[in-house]
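Coordinate analysis (summary)
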Amino acid sequence: MTGIAFVAVGGVLALVLLAVLIGNADARAQRDAWNRIARRRRELGEWERELIRAAESEGCPACRLLRERGKLHDPL
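Residues numbered from 1 in each chain as written. Predicted model: local features only at pLDDT ≥ 70, side-chain atom pairs only at ≥ 80, totals over all residues. Heavy atoms only, no water.

Digging into the overall build of the protein chain
Helices and strands together make up the secondary structure of the protein chain, namely two helices and zero strands. Entry remark: accessible area of the protein chain is about 6600 Å², with carbon and sulfur atoms responsible for 64%. (Helix = DSSP H or I, 4+ residues; strand = E, 2+ residues; numbered from the N terminus. Areas by Shrake-Rupley, 256 points an atom, 1.4 Å probe, with all protein chains shown as cover.)

If you want it as structure tokens, here you go:
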């Protein structure tokens with residue numbers, strides 16, 4: 001092989017390595033973003049259940065009506 005062939009093969013290998021590294025970094029960032037979204041949804045769900053429990057303990061008529069109509073989530 002000539003020197004140009006070695007440089008070409010080395011360049012291709014470098015590009016493949018760079019593509020793999022960028023792909024891994026992108027996948028990690030995307031996974032972290034989805035984890036943050038899931039964590040936030042769990043926090044909001046807990047907050048919603050807490051509000052429902054508080055309203056029910058005080059006998060909120062609007063909550064009772066929504067529950068009867070099936071439009072209010074059941075507390076877990």
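Regarding the pattern of salt bridges
One pass over the full model with this rule turns up three salt bridges. Across the salt bridge formed by E43 and R40, the nearest N and O atoms sit 3.5 Å from each other. A residue pair is termed a helical-turn pair when its members lie 3 or 4 positions apart in one helix, as E43 and R40 do in helix α1 (residues 3–57) at three residues. Residue R49 pairs with E46 through a salt bridge whose shortest N-O separation is 3.3 Å. Of this pair, R49 and E46 are both found in helix α1, three residues apart, which corresponds to roughly one turn of the helix. Overlapping salt bridges, with partners in common, bring together E46, R49 and R53 in one network. (Salt bridge = Lys/Arg side-chain N within 4 Å of Asp/Glu carboxyl O.)

Here we look at α1
A rise of 1.5 Å per residue sets the reference length of α1, with its 55 residues, at 81 Å; its end C-alpha atoms lie 81 Å apart and thus fit the reference within 8%. Those residues of α1 lying buried are G45, I52 and A55. (Expected span 1.5 Å × (residues − 1). Buried < 20%, exposed > 50% of the residue type's maximum accessible area, 1.4 Å probe, protein only.)

Some details on a nonpolar patch on the surface
The grouping of V12, V16 and V20 at the surface amounts to a nonpolar patch, some 250 Å² of accessible area in total. Here V12 lies in helix α1. (Patch = residues over 30% accessible without salt bridge, like charges linked within 9 Å, V, L, I, M, F, W, Y side chains within 5 Å.)

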